[in-house]
Amino acid sequence: MKLNSKQLRISEPTKEDVKSIKRNPIYLVLDNVWDTYNIGSLFRLADAIAAKKIFICGESEYPPNSRIHKAAVGTENWTPWEKTENTIESIIKLKQKGVQIIAVEQHPQAVNYKIVTPKFPVAIVVGHETNGVSKEVLDLSDIIAELPMWGINKSLNVWGAAAVVAYKITENLQ
C-alpha cells in the first residue's frame, strides 16, 4: 500500500497496519532536536527508509503536534516512535541490543559519510540545530560521520543531513 500526501494526512492506521510494514534495521535518534519542521521531516524520512523506530530525546516536541503533523504529512502515525527524556539512556539501551551508533556531526574525529560501512542494526543520531549532537552522545558513538561543507555554512539542515546519511546506509541493506 502506498498513500499520497493527502491520504497520509487523514490516515488513521491501526496497530496492525503499522506492524504490517516490513522495517529496516535502522533507528533514528533525535538528540534535543527543537524545530518541529525538522522533527516532522525526520518522521517522513523514517517512513521513507522504513526505519524500525524514532527516539525523540530531551526537550524536543513530539506528536501529537500540529506543526510536526504538517511537515510529517501523517507519517508520524505510521512510524513507531518513543519519547525519552535522556538521549544517553536511549543510546546505551540501543548499544546493549548490538546497535551500531552513527552520529551525524561536524567533528575533528568525524569521517566522510561516503566511507561509512554500517554494521546493522544501526542508529543514526542527529542533534540540536544550533548545538549539534551533545559531547556525551558523541563519546558513546561508534562512528561520527560528516558531510563535506564547501560553502560558508558549517552544517546542513538536520533532516537533510540525516537523509543523506540514511540513504548512503541503505545502500548496504541486503
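Up top you'll find the structure we're talking about.
Summary of the structure given here. (Residues numbered from 1 in each chain as written. Predicted model: local features only at pLDDT ≥ 70, side-chain atom pairs only at ≥ 80, totals over all residues. Heavy atoms only, no water.)

**Quick notes on the packing of helix 3 (residues 36-48) against helix 7 (residues 158-170)**
Selection rule: Here an axis means a line fitted to C-alpha atoms, over the contact stretch when the element is a helix, while the angle between two N-to-C directions is reported on a 0 to 180 degree scale. A run of H or I in DSSP becomes a helix once it reaches four residues, and a run of E becomes a strand once it reaches two; helices and strands are each numbered from the N terminus. Here roughly perpendicular refers to angles of 65 to 115 degrees, roughly parallel to angles under 35, roughly antiparallel to angles over 145, and oblique to all remaining angles. Crossing handedness is defined as follows: a turn of the near helix away from the far one that is anticlockwise and smaller than a right angle gives a left-handed crossing, while the clockwise case is right-handed. A contact between two residues is defined here by any heavy atoms of the two lying within 4.5 Å.
Between helix 3 and helix 7, the shortest axis-to-axis distance is 9 Å and the interhelical angle comes to 15°. What the angle tells us is that helix 3 and helix 7 run roughly parallel. Helix 7 is crossed by helix 3, and the crossing has right-handed handedness. Contact with helix 3, carried on its side by Tyr-37, Asn-38, Ser-41, Leu-42, Leu-45 and Ala-48, involves Val-158, Trp-159, Ala-162, Ala-163, Ala-166 and Tyr-167 of helix 7 and no other residues of that element.

**Points about the pairing of strand 3 (residues 81-84)**
Going by this rule: A strand pair is defined by DSSP finding two or more bridges across the two strands. With the strands pointing away from the viewer, any crossover whose connection runs clockwise from the first strand over the helix to the second is right-handed.
Sheet topology places strand 2 (residues 51-57) next to strand 3; 4 bridges connect them, and they run parallel. Considered in strand 3, the bridge of Phe-55 is made with Glu-82. Note on the crossover from strand 2 through helix 4 (residues 66-72) to strand 3: the handedness is right-handed.

**Thoughts on the packing of aromatic side chains**
The geometry of two aromatic rings is summed up by the distance between their centres and the angle between their planes. Rules: For Phe, Tyr and Trp, where Trp contributes only its six-membered ring, two rings pair if their centres lie within 6.5 Å, and the inter-plane angle classes them as stacked under 30 degrees, edge-to-face over 60, or tilted in between. Only protein chains enter the accessibility calculation, which uses a 1.4 Å probe; a residue is then buried when its area is under 20% of its type maximum, exposed when over 50%, and partly exposed in between.
By the definition in use, this model includes 3 aromatic pairs. Taking the centre distance of 6.1 Å and the plane angle of 40° together, the rings of Tyr-27 and Phe-55 count as tilted. Taken together, the residues span a long stretch of sequence, with Tyr-27 in strand 1 (residues 24-31) and Phe-55 in strand 2 at a distance of 28 residues. Like Tyr-27, the residue Phe-55 is buried in the burial classification. An angle of 90° between the planes, with centres 6.3 Å apart, marks the rings of Phe-43 and Trp-81 as edge-to-face. Taken together, the positions of Phe-43 in helix 3 and Trp-81 in strand 3 put the pair 38 residues apart, joining distant regions of the chain. Exposure remark for Phe-43: the relative accessible area of 0% places this residue in the buried category. Ring-pair connections join several aromatic residues into one group, and the members of that group are Phe-43, Tyr-62 and Trp-81.

It is worth stressing that arrangement in space is one thing and function is another; only the former is reported here.
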